[in-house]
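Results of the structural survey
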Amino acid sequence: MDEPTSRPKQRRLPQDLLSPALTSGLVLAVCLGATWWVWDNAGADAERDNQADFNYRVHELVNNIAQRMQTYVQVLYGAQGLYASSEYVSRDEFHSYVTGQGLNEHFPGIQGIGYIRLVDGGQRSVHIATVRSEGFPDYTIRPAGERPQYAPIVYLEPFEGRNLRAFGYDALSEPVRRASLELARDTGMPAMSGKITLVQETSERGPAGFLVVLPVYRNGAPHATLQQRRAAIAGWVYSPFRMADVMAGIGGEGAASLDVEIYDGDDVDAANRMYDSVADVPGARVRRTVQKISIAGHRWTIRIGGIPGSAAGAERDGRMQLIGVSGVVLSAVLAALAWLLAHSRRKSRAALAQARELADELAQGQANIVAMAESSQRSQQVLRSILDSTVDGILVDDFRGAILNSNRRFRELWNLPEQLDWQEDGATLMRHMSAQLVYPPVFDEAVKRMLASNEEQRAQLHLKDGRVLEQYTRGIFLGSESVRLWSFRDITERTHGERREQMRRHVLELLATGAPLASVLQSVVQGVEADNPGMLCALLLLDEDGRRLLVGAAPSLPAFFNAALHGHYVDMGEGCCGQAVMTGERVIVEDMGSNPLWRQYRDLSARAGLKSCWSEPIRSATGKILGTFAIFQREPQRPSVAHLALIEQASRLAGIAIEQAQAGVALRAGEARFRSLYDNAPVALWEQDWSAVHGALQELQQSGVEDVPLYLQNNPSQLARMAAMVRIVDVNAAALAQVGAAPGSKDLSALSLAQNFHASAMPAFARALAALLQGAHLFSCESTFQRLDGATRQNELTLLVMPGHTHNLDFVIVSTVDITERKRMNDELLLLATTDFLTGLPNRREFMARLEDEQARLQRDVGVRGGRAAVLMLDIDHFKRVNDEYGHAAGDAVLRHLAVQMRECQRKIDMLGRVGGEEFAVLLPGADVPAALAFAERLRQRIGSTPLEIDGHVLAVTVSIGIAAMHARDPGGDAALIRADKALYRAKRGGRNRVELAGEGNEPAGKEKPEAVAPPAN
C-alpha cells in the first residue's frame, strides 16, 4: 500500500520544485535572509559591545562603593582597637588618634569619627555632670526626657563646625539610629543605619545621610554569646556620612556617562532615594540595571542607567550599511544562478532524518524517566536508613493530623505499641504522647500552634517515668505543602546531672556557711521535689541510740503523717524506712495499700493520699547508717532507672550534709571550749581600720566593675594600693613580739599590713577583700608575714568584723599565730612517714600509694596512647652472705649503694621504693615491656659493674630483677607487683643476676611464657 503512494510523489515533487521562477525566488529569499541575518548580527555585536562596556562601568562603580565603605569600616575598627587597648580613653587621646588618621586627606566623604557612650537611665545626671566638668558647662543629653537608657555622642572629631551640633545627641532616641546600635551590640559586627538626616544638618529636609557604628565592649568582659554581649556593651564608635559626599568622585571618568540612583533597603521608591547623580538630565535611559549590595549588615539598592548620547548609549556604526548593500547585490547574482538547483529530494530526506531523530529522543526520554524513578527509590531507601540511625526521634506531620514520616528512634522514645493505629490517625498518636507527660499543656500547645516556614520552637518535656526529652519543632515546605518537623532528644542524663550538681552545690554552700542541719536537709528535699513534681519526699534521721527514726525534713507531707513517723522504732520492722534501716538495703513498695510493711500505717497513708513508697538508707563515709531518704507517690508506681539514680544521689547528698552538720556541731563545741582558753592566752591581736578599703571597693562597684575580685586579681597595683589603705589602730604585746619589735616599744607607725600579709600573700588578701565585700563577718586563711627585721615567716590569720561595723569596716580584729615551726615540723613528719631512713628512698607505703595512683590513671586512659606502665622488683643477690661475713653495717652500705645506682638510672617520672629488707621496686609510667626490659638490663649491668669497697674489701653487688606490665583490667596496683615478685623469684631460681619478665594476665604458672635476659657470658 505504501509503495504505490510514494512513487507519484517522487515523480511530482522534483518537477514542481525545479521550476526556474520558484528556484530563483527561493534562492533570492534565502540570500536576502542571510544578508539580513549578517546585518542584524553586526548590529547585535555593536549592541553587545556597548552593553559590555556599560556592565563594566556598573561593576567598577559598585566595587568602588563597596571598597570605599569597607575602608570607612576599617577606620572604625582602628577606633575600636583604641578602646580595646585601654581601660579609659580620654577626650585628648581620642582627638590625637583621629587627627593622626588624616580623615580629609585619606578618607574623602567621611564627616568624622565619634564615640557614643551607653548611659543607664539612673546615671544620666552623673554623666552630664562628668562631661560638664571636662569643660563643657552647657552640655546636656538631647532630646530631653526620661528614658531607660541613653546613648549620647560624647566624642566627635573633628570637633568643630557643624559637628558641634551632634555633641550630646541621644542616638537611642531615634528608631533608625537605635536599630543600628542594637544590631551592632547583638552581633559584635559593624552596622549601618538606614536613611537619615544627620544632626549636623541645619534643616530636617537636608541631604540624605547614614551612620556606621561598631560596638565597644568592656575590657575583660566575656562577649561570646548574645546575653554576654548585651551585658558587656559600653558604647559604640561611629562615623556619620552624607551620601553625596560619599559618592563624590567615586566612579571616576567612567561614571560620567551613568545615571546612578541609590535607595535605602530593597525597594526602589522615591521616599527611600538617598542619591541621584544626574537628576536634572531629562530623557529615557538607554540601559538600566539594578544592583543590591550589603554593607555592614544593611542593604542598598543601586539603579544605574546609561545617559543618551554617551558611550554607554551609542548607536550602531556605519559598517551595517556596507553589509546591507553588498548582501543585496550578492543575493541578486545568486538568484540568477539558482534556477539550476532543485531541493525537493534534499528536503524530503531532511524531514525523514528529523522524524527519526525525534523518535530516538522520545525513546531516550522514556529511558531517562525509568532511571530517575529507580534513583528516587534508592534515595528514599538511603534517607530511611539515615533517619533510622539518628540519635534523635524524628516525626513529620502536616498540621491537619496526618503523619507523613517517622523514624525508629521516635518509636522507641515514645514507647509506641504495635497495636496503636497512629500512622492513619495523628490525633491518637498525640494523645498517646501527651498521656506520658508530667505537664502535658506544653506539648499540647505545640501541637495546636501553626508554624510559619523556618519558624522554630523549643521546649523540654518531662515524662512520668522520669525521663526528660528536648523537643524541637520547625515549619518547613515539602514541595508546595507546609509541614511540621518534630525532633526529640533524650537529655535525661544531662538534665538530671545538671540539677544534681546544682543541688549539691547549694547544699555544700549551706554547709560552708554553717547553716542549721534542718535548713540543709530541707534544701535537699525541696530540690528533689522541685525537679520531680508529684514526688513527696521525707528525710528521717536515726537518733543517738540508733533505735528510733526522727523526721528531719518532710515539708510536703501532711503534719499528722509526719507526727506518726516521728519517733518510729526501727526494730518493729514496720514501714519502708524502718525496713531499709534494718536491712541496709533499698526498699520499694509499689502499693502501700496491699504491702504488709504498711499494715500498721495503712489507714494513715490512705488518709494522706499516699499510694507508693521508695526508701533508700543514708550512709556515712564509713558505711554507718544515719537515716533514710523516702519518696512517696500519690499513685501506685515502680521507680524507673532515672528515679533510682535520683534517690541514690539524694541519699548520698543527705549523708554528706548530716556528717558535715554533725562534724560542725562537734567543731563548734570544741571552738567554744577553746575560746575561753584563747581569750586568756598570749595570742597576737591587731585592731585595724579598713574603712578606706571599704570606700575604695564601693568606688570600684559604682564605676561599673561587676566582678571586683577578678578585677583585683588582674590589677595587682590596685590590690597593693588597697593594702596600703589599712590602718593599724592597736596591737597587743604578743603581736609585737611576733613581728620582732623591741621590748617595750609600741611604734605603730613602723607597722603595716605587711606584718599580716606579705607581698607574696596578696592573693590571700584579695580573698579576704572578696569575703568582706560579700558581707562576711569572719575570714580565716594561712598567709606569710614580714617581721620588722625583714625575715619572712608563715602565719595563720583570722579577721573578725566586730558587730555593728559591717557597713564601714572601721573596727576589724585580726588574730595571727606564727605557724612557721609547725609547718616545718609537718614537712619533716611527712618526710619521715614516706621515706626509708636508711636509703632515702620512698618507703613501701608511699610506693604502694603511687602504684595505686598509676593503676587508676591506666583505668582512666584505657585505649589512649601513653596508657601503659611497668613495675620492677629488685632483690640483692646473696645479701644474707654480706651480713654474715661483713656485718650489718656493710649490709646497710650495700643498700645505700644500690639506692644511689637506682637514682642515677631513673627518669624524672619514675618512682623508686624500698619495699622490704633487700627488696626494691621501680615504677615506670608510660613504659611498655620492651622499654622496661631495656631499663632493667641497663640497671642490672650498672649495678654489676659498680662494686663497693668496704674496709679494703671489694664487694661485687648484683641484683635479680622481675618485670611485670600493668594493665587497666587489674583490680589494683598490687596485682602487677605480685606478678613482678613471681618473676623475681624465677630469676633467683634461674641463677641470679638476671632479668625475668612475668607472663601476661593471671594464667597459672605452668602456662606462663616469660622472657629472660641472662648476663652476658664472660
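These figures come from a predicted structure and were not determined experimentally. (Residues numbered from 1 in each chain as written. Predicted model: local features only at pLDDT ≥ 70, side-chain atom pairs only at ≥ 80, totals over all residues. Heavy atoms only, no water.)

Concerning the overall build of the protein chain
Operational definition: Secondary structure elements follow DSSP: runs of H or I no shorter than four residues count as helices, runs of E no shorter than two count as strands, and numbering proceeds from the N terminus. Buried, partly exposed and exposed residues are distinguished by accessible area as a fraction of the type maximum, computed with a 1.4 Å probe on protein chains only: under 20%, between the cut-offs, and over 50%, respectively. Using a 1.4 Å probe, the Shrake-Rupley method yields the accessible areas, and only the shown protein chains count as cover for residues.
From N to C terminus, the protein chain includes 30 helices and 35 strands. Across the 1018 residues of the protein chain, 43% fall into the buried class. Only carbon and sulfur atoms are counted for the fraction: they give 54% of the accessible area of the protein chain, which is about 53,900 Å².

With respect to helix H15 (residues 517–531)
For the record, the criterion: By this rule the span expected of a helix is its residue count minus one, scaled by 1.5 Å.
The end-to-end C-alpha distance of H15 is 22 Å, a good match for the 21 Å that 15 residues give at a rise of 1.5 Å each. Among all positions in H15, only Val520, Leu521, Ser523, Val524, Val525, Gly527, Val528 and Glu529 are buried.

Some remarks on the confidence of the model for the protein chain
Applied cut-off: Looking at any residue, its pLDDT shows the predictor's confidence there, from 0 to 100. Note on definitions: a residue-residue contact is assigned when non-hydrogen atoms from the two residues lie within 4.5 Å.
Chain-level pLDDT for the protein chain is 82 on average; 89% of the residues reach the 70-or-more range. Every residue in residues 1014–1018 scores below 50 in pLDDT, and together they form six contacts with partners more than four places removed in sequence or on other chains.

Points about the nonpolar core
Rule in force here: Working definition of a nonpolar core: buried Ala, Val, Leu, Ile, Met, Phe, Trp, Tyr and Cys residues. They are joined through side-chain atoms within 4.5 Å.
Counting 54 residues, the largest nonpolar core has Ile65, Phe210 and Trp300 as the members making the most contacts within it. No other element matches helix H2 (residues 20–84), which puts 13 residues into this core. Setting aside residues up to four positions removed in sequence, isoleucine 65 forms contacts with Met247, Ile250, Ile262, Ile293, Ile295, Trp300 and Ile302. The next biggest cluster of nonpolar side chains, apart from the first, holds 43 residues, and it includes Ala723, Ala734, Ala768 and Val812.

Digging into the sheet that holds strand E10 (residues 288–295)
Sheet strands line up and pair through hydrogen bonds in the backbone, either parallel or antiparallel. What counts here: Two strands are said to pair when DSSP picks up at least two bridges between them. Convention adopted: a line fitted to C-alpha atoms gives each axis, helices being fitted over their contacting stretch, and angles between N-to-C directions are expressed from 0 to 180 degrees.
If you walk across this open sheet you meet the four strands as E9-E8-E11-E10, and the pairing is antiparallel. The sheet terminates laterally at strand E9 (273–276) and E10, the two strands that pair on one side only. Averaged over all neighbouring strand pairs, the angle between strand axes comes to 20°, with direction disregarded. Summarising the sheet, strand E8 (residues 258–264) and E9 pair through three bridges and their orientation is antiparallel.

Quick look at the layout of surface pockets
Rules: Two kinds of site are reported from a 1 Å grid over the protein atoms alone, namely cavities, where a 1.4 Å probe fits but cannot get out, and pockets, open sets with protein on both sides within 12 Å along at least five of seven lines, and residues are called lining when an atom falls within 4 Å of a point. Grid points are joined across faces, edges and corners, and a volume is the space filled by probe spheres set on the points. When residues are sorted by character, Ala, Val, Leu, Ile, Met, Phe, Trp, Tyr, Cys and Pro go into the nonpolar class, Asp, Glu, Lys and Arg into the charged class, and all the rest, Gly among them, into the polar class. As annotated, the domain borders come from an automatic or database domain assignment.
Estimates place the volume of the largest pocket at around 1,600 Å³. Forming the walls of the largest pocket are 39 residues, and the residues nearest its centre are Arg218, Ala234, Ser703, Gly704 and Val705. Of all the secondary structure elements, the ones that give two or more residues to the lining of the largest pocket are strand E1 (113–117), strand E2 (119–120), helix H5 (124–133), strand E6 (209–217), helix H7 (226–232), strand E7 (233–242) and helix H21 (708–714). Element by element, the count of residues in the lining of the largest pocket is highest for H7, at four residues. Residues belonging to the lining of the largest pocket are distributed by class as follows: 18 nonpolar, 13 polar and eight charged. Two domains each donate at least three residues to the lining of the largest pocket, and these are domain 1 (73–254) and domain 4 (681–824).

Overview of empty space enclosed by the protein
Scanning the model with the defined rule gives three cavities of 30 Å³ or more in all. When its volume is computed, the largest cavity comes out at roughly 90 Å³. Taken together, His496, Arg499, Arg500, Met503, Gly527, Val528, Asp531, Asn532 and Leu646 make up the lining of the largest cavity. If you list the elements that add at least two residues to the lining of the largest cavity, you get helix H14 (492–512) and H15. If you tally residues by element for the lining of the largest cavity, the top one is H14, at four residues. Along the lines of polarity and charge, the residues of the lining of the largest cavity split into three nonpolar, three polar and three charged.

Brief notes about the side chain of aspartate 543
Along the chain, the position of aspartate 543 falls in the loop between strand E17 (536–542) and strand E18 (548–553). By relative accessible area, which is 16% here, aspartate 543 ends up buried. Residues in contact with aspartate 543, not counting those within four places in the same chain, are Arg548 and Leu550.

Quick look at the packing of helix H20 (residues 691–702) against helix H22 (residues 716–725)
Two elements in contact, H20 and H22, have axes separated by 8 Å at closest approach and are oriented at 145°. Across from Ala692, Val693, Ala696, Leu697 and Leu700 in H20, the residues of H22 making contact are Arg721, Met722 and Met725. Across the contact of H20 with H22, the residue classes tally to seven nonpolar, no polar and one charged.

Looking at the environment of isoleucine 153
Here isoleucine 153 shows up in strand E4 (residues 153–157). Along the backbone, isoleucine 153 and tyrosine 115 are 38 residues apart, and their C-alpha atoms lie at a distance of 6.0 Å. When sequence neighbours within four positions are dropped, the list of residues in contact with isoleucine 153 reads Tyr115, Ile116, Tyr139, Ala166, Phe167, Gly168, Tyr169 and Tyr238.

Thoughts on the pattern of salt bridges
Stated precisely, the cut-off is as follows: Only one rule defines a salt bridge in this text: a Lys or Arg side-chain nitrogen within 4 Å of an Asp or Glu carboxyl oxygen.
All told, the structure shown has 36 salt bridges when counted by the stated rule. For aspartate 875, the salt bridge goes to lysine 988, with nearest N and O atoms at 2.5 Å. In this pair, aspartate 875 sits in strand E28 (residues 869–876) while lysine 988 sits in helix H30 (residues 973–989), placing the two residues 113 residues apart along the sequence. The residues aspartate 875 and lysine 988 share a single accessibility class, namely buried. Taking the shortest distance from any N to any O, the salt bridge between aspartate 884 and lysine 880 comes out at 3.0 Å. Highlighted residues: aspartate 884 and lysine 880, both in helix H27 (residues 879–886), separated by four residues, approximately one helical turn. There is no split in this pair, since aspartate 884 and lysine 880 are both exposed. Connected via shared salt-bridge partners are Arg162, Glu201, Arg242 and Asp245.

Notes on the packing of aromatic side chains
The criterion, for reference: For Phe, Tyr and Trp, rings pair up if their centres lie within 6.5 Å, where Trp contributes its six-membered ring, and each pair is then called stacked (planes under 30 degrees apart), edge-to-face (over 60) or tilted (otherwise). Charge over a ring is defined by NZ of Lys or CZ of Arg lying within 6 Å of the ring centre and within 35 degrees of the ring normal.
Taken as a whole and assessed by the stated rule, the structure comprises 22 aromatic pairs. Following the ring pairs from residue to residue traces out a cluster consisting of Phe410, Trp414, Phe443, Trp486 and Phe488. The ring of tyrosine 569 carries arginine 548 above its face, with NZ or CZ at 6.0 Å from the centroid. When the ring centre of phenylalanine 560 is taken as origin, the NZ or CZ atom of arginine 607, which lies over that ring, is 3.8 Å away.

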